[in-house]
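Listed below, chain by chain, are the residues.
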Amino acid sequence: MEFLEQRRDYALALFRIIIGLFFVIHGVQHLSKGTSLLTWPSGPMSLIELIGGGLILIGLWTRWAALISSGAMAYAYFVVHQPRGLLPIQNGGELAAVYSWAFLLLVFTGAGAWSIDALRKTSKKSLANV
C-alpha cells in the first residue's frame, strides 16, 4: 500500500484533470445546443461549467472553483432533476449528483500535483526561504 500512497497526489491530479475536462466539455455541449447565456438557470450554469471546469482542469483556485461547481451541480440536481423522482436513477440526475460529490471531494483535497495551485505553493515556500 505504500506504493499507492506515494502516488496519491498524482492520482488526485489525474482525477482533477479528467473531471475538469469533462465539466468543460459538458459546458461546451450546452452552448453548442444553443443555450442562451441569459436564460436562467442554464445560461449561468453553462458559464460555471466552462469557467469552473477550466480552473479545475488547470488547477488554479481549485478549492473555490470546486466549491462553486459543487454547489451549482447540487442546485441542478435538487431543482431540475429531483422533482422528477426521488433517486438519481429515476430522475436522470446521476451526472449532476456525481459531479457535485466529485467537486466536493476536491474542495477538501485541493488540486494535487500538476497544478498551478501547487506551483504557487512551492514558489511561496521558496520565497519565504530566501
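Above this text is the structure in question.
Summary of the structure given here. Here the structure is a predicted model, which means the values were calculated and not measured.

1. A look at the overall build of the chain
Here comes step 1: Secondary structure summary: the chain contains seven helices and zero strands in total.
Here comes step 2: Along the chain, helices (α) and strands (β) appear in the sequence α-α-α-α-α-α-α when read from the amino end.
Here comes step 3: Each of the three principal axes of the chain carries a C-alpha extent, and together these read 55 × 35 × 20 Å.
Here comes step 4: Taken over 130 residues, the chain has a buried fraction of 35%.
Here comes step 5: Partitioning the contacts of the chain with sequence separation of at least 6, the portion at a separation of at least 24 is 66%.

2. Here's the deal with helix α3 (residues 42-58)
Here comes step 1: With 17 residues, α3 should reach 24 Å at 1.5 Å per residue; the first-to-last C-alpha distance of 24 Å fits that figure.
Here comes step 2: Buried within α3 are the following residues: Gly43, Met45, Ser46, Glu49, Gly52, Gly53, Leu55 and Ile56.
Here comes step 3: Against the buried residues of α3 lie α2 (8-32), α4 (62-81) and α6 (94-109).
Here comes step 4: Looking one or two places after α3, you find Gly59, whose phi comes out positive at around 80°.

3. A few points about the nonpolar core
Here comes step 1: Core analysis: the largest hydrophobic core is formed by 20 residues, its most contacted members being Ile56, Ala66, Met73, Tyr99, Phe103 and Leu106.
Here comes step 2: At the level of elements, α2, α3, α4 and α6 are the ones that each hand at least two residues to this core.
Here comes step 3: At seven residues, the largest contribution of residues to this core is made by α6.
Here comes step 4: With residues near it in sequence (within four places) discarded, Ile56 still touches Arg16, Gly20, Thr62, Ala65, Ala66, Ser69, Phe103 and Leu106.

4. Considerations on unusual backbone geometry
Here comes step 1: Note that the residue after Trp40, namely Pro41, is joined by a cis bond; omega there is -5°.
Here comes step 2: Here Pro41 is to be found in the loop between α2 and α3.
Here comes step 3: The residue Trp61 is not glycine, and still its phi comes out positive at about 50°.
Here comes step 4: Inspection of the secondary structure puts Trp61 in the loop between α3 and α4.
Here comes step 5: For Trp114, which is not a glycine, the phi torsion comes out positive at approximately 55°.
Here comes step 6: Mapped onto the elements, Trp114 comes out in the loop between α6 and α7 (116-129).

5. Some thoughts on the side chain of Ser115
Here comes step 1: Position of Ser115 relative to the elements: it lies in the loop between α6 and α7.
Here comes step 2: Given the relative accessible area of 3%, Ser115 is considered buried.
Here comes step 3: In this structure the side chain of Ser115 is engaged in a polar contact, spanning 3.1 Å, whose partner is the backbone oxygen of Gly112.

6. Points about the packing of aromatic side chains
Here comes step 1: In this structure the tally under the stated criterion is six aromatic pairs.
Here comes step 2: Arranged with centres 6.2 Å apart and planes meeting at 65°, the rings of Trp40 and Tyr75 form a pair that is edge-to-face. Here Trp40, found in the loop between α2 and α3, pairs with Tyr75, found in helix α4; they are 35 residues apart in sequence, far enough to count as distant.
Here comes step 3: Seen in terms of ring centroids, Tyr77 and Phe78 are 5.1 Å apart; in terms of plane orientation they differ by 85°. Their pairing is edge-to-face.
Here comes step 4: Overall, Tyr77 belongs to the buried group, its relative accessible area being 9%.
Here comes step 5: Residue Phe78 is classed as exposed on the basis of its relative accessible area, which comes to 55%.
Here comes step 6: Feature note: the residues Phe23, Tyr99 and Phe103 constitute an aromatic cluster, connected by ring pairs.

Reading the values: rules and limits
Residues numbered from 1 in each chain as written. Predicted model: local features only at pLDDT ≥ 70, side-chain atom pairs only at ≥ 80, totals over all residues. Heavy atoms only, no water. Helix = DSSP H or I, 4+ residues; strand = E, 2+ residues; numbered from the N terminus. Buried < 20%, exposed > 50% of the residue type's maximum accessible area, 1.4 Å probe, protein only. Contact = heavy atoms within 4.5 Å. Expected span 1.5 Å × (residues − 1). Core = buried A, V, L, I, M, F, W, Y, C linked by side-chain atoms within 4.5 Å. Polar contact = N/O pair within 3.5 Å; in protein donor to acceptor, adjacent residues only side chain to side chain. Phe/Tyr/Trp six-rings, centres within 6.5 Å; stacked < 30°, edge-to-face > 60°.

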